[in-house]
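So you can see what is in the structure, the chains are spelled out below.
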Amino acid sequence: MITIEFDKIDFDRRLKVECPATVANLVCGFDILGMALNDPCDIVEMNLSKEPGIRILHADEYDLPTDPVKNVAGAALLDLLHACDKQVGIDITITKQIKPGSGLGSSAASSAGAVVAANILLGKPFSNLDLVRFAMAGEKVASGVKHADNIAPCIMGGVTLIRSIFPLDIIQLSAPMLYVAVVHPQIEVRTSDARQILRKEVLLKDAIRQWGNIAGLVTGLLQGDYDLIGRSLEDVIIEPVRSILIPGFDDVKRLSNEAGALGGGISGSGPSIFMLCRNQATAESIALIMQEIYDKLGIDCKTYVTTLNERGVRVA
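So, a few notes on the structure that sits alongside this text. Quick caveat, the model's predicted, so the values are computed rather than measured. (Residues numbered from 1 in each chain as written. Predicted model: local features only at pLDDT ≥ 70, side-chain atom pairs only at ≥ 80, totals over all residues. Heavy atoms only, no water.)

Glancing now at the pattern of salt bridges. Here the structure, examined in full by the defined rule, presents 13 salt bridges. Residues K96 and D42 are paired through a salt bridge, measuring 2.2 Å at the closest nitrogen-oxygen approach. In this pair, K96 sits in the loop between β4 (89-95) and α2 (106-121) while D42 sits in strand β2 (residues 33-49), placing the two residues 54 residues apart along the sequence. Summarising the burial analysis for this pair, K96 and D42 share the class buried. A salt bridge links D169 to R163; the nearest nitrogen and oxygen atoms lie 2.5 Å apart. (Salt bridge = Lys/Arg side-chain N within 4 Å of Asp/Glu carboxyl O. Helix = DSSP H or I, 4+ residues; strand = E, 2+ residues; numbered from the N terminus. Buried < 20%, exposed > 50% of the residue type's maximum accessible area, 1.4 Å probe, protein only.)

Turning our attention to the side chain of N71. Within the element layout of this structure, N71 appears in the loop between β3 (53-58) and α1 (72-82). Judged by relative accessible area, which is 3%, N71 ranks as buried. Among the polar contacts made by the side chain of N71, one reaches the side chain of H58 at a distance of 3.1 Å. With residues up to four places along the chain from it excluded, the contact list for N71 reads I56, H58, P65, I94 and V141. (Polar contact = N/O pair within 3.5 Å; in protein donor to acceptor, adjacent residues only side chain to side chain. Contact = heavy atoms within 4.5 Å.)

Counted according to the given criterion, the structure contains one aromatic pair. A ring pair is formed by F126 and F134, whose centres lie 5.0 Å apart and whose planes are at 90°; its orientation type is edge-to-face. Residue classification places F126 among the buried residues on the basis of a relative accessible area of 8%. (Phe/Tyr/Trp six-rings, centres within 6.5 Å; stacked < 30°, edge-to-face > 60°.)

By size, the foremost hydrophobic cluster in this structure holds 77 residues, and its most contacted members are M35, L80, I92 and I155. Among the elements that make up this core, the one with the highest residue count is α2 (10 residues). Setting aside residues up to four positions removed in sequence, L80 forms contacts with V115, A118, L122, F126, L131 and F134. Within the second largest apolar cluster, 18 residues are counted, among which are A261, M290, I293 and Y294. (Core = buried A, V, L, I, M, F, W, Y, C linked by side-chain atoms within 4.5 Å.)

Along the chain, D7 turns up in the segment before β1 (15-24). On the basis of relative accessibility, which here comes to 69%, the residue D7 falls in the exposed class. A sequence separation of 181 residues divides D7 from E188, and the C-alpha atoms of the two residues are 46 Å apart.

Below, the discussion takes up the sheet that holds strand β10 (residues 301-307). To summarise the sheet geometry, strands pair through backbone hydrogen bonds and adopt either a parallel or an antiparallel arrangement. Read across the sheet, four strands follow the order β8-β9-β7-β10 without closing on themselves; strand pairing throughout is antiparallel. The strands lining the two open edges of the sheet, one partner per strand, are β8 (263-266) and β10. On average, each strand axis in the sheet is tilted by 15° relative to the strand beside it, whichever way the strands run. Pairing of β8 with strand β9 (residues 273-277) involves four bridges; the strand directions are antiparallel. Bridge pairing links G263 to L276 in β9. Running at roughly 10° to β9, helix α9 (residues 249-258) makes contact with β8 and β9 of the sheet. Of the strands in this sheet, β7 (179-185), β9 and β10 touch helix α10 (residues 280-297), which is tilted by about 15° from β7. (Pairing = 2+ DSSP bridges. Axes fitted to C-alpha atoms, helices over the stretch in contact; angles between N-to-C directions.)

Moving on, we come to the pairing of strand β6 (residues 169-173). Sheet analysis places strand β5 (residues 159-164) next to β6, joined by five bridges and oriented antiparallel. Looking at the pairing, I162 lines up with I170 of β6. Hairpin connection from β5 to β6: four residues lie between these consecutive antiparallel strands.

Structure (structure tokens):
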């Protein structure tokens, strides 16, 4: 339980933070690997109040719930406040630039941004692990499961490995310079729905291959070995099932690899697709390929060419 000292709180301060999009799973690392991106970002503005309660305002078009129990940021803040010995009020405004249901960690951005902002305003009494734990309550509202593969990189930045959820054990991984091409087809794949179609049992031979890819990817990141990263970006368990929900997926992956991508796949539960690249020129050419594929399919899409965000949620 954290002691809150009211006389040290600046109730007049209005804080604004940027909350990065994230790519979870990184192909083979289902629920255990994630990375933060520099674009797009959500915006969270917050101030504390002597009037108890959480008041949520959305400054965007998505008509998300404002009841704290049903809102991902609200649920995360309720967990944070439960760990405090005195109750303060929170007024929060969320401007979502990461579309809900995009597969780019939209719910994580709101949850993570909310708890990071509250922690700063309270004088930083909580650790990053505490903040991840609080923000996971928001992920449970969004998907029914407390997972941290979007939350951890959003808060900590860079690439993170979730070794364990209970107890929470998160490792930050170093990585070489990577450019990321992302396409977000303007269709929705709900995380809860994408989880329901997954197989409950895995063949041992597939598990062995997957473990090898995860170990190879982590080693490739740590050693800055682009070729090993590329060889390890293979998923034999999740992608074959989830990719059927995403029109154009096979073409995006095949043509991107032919154009020089290291590799890539589904971002989170989709429908966004990401491809890792050695340089900006390759990433930009792949983004054009992605756009052309969805133009031919008659599906609106949004593309990004970005890099790893090493800072996580930050004061704007």
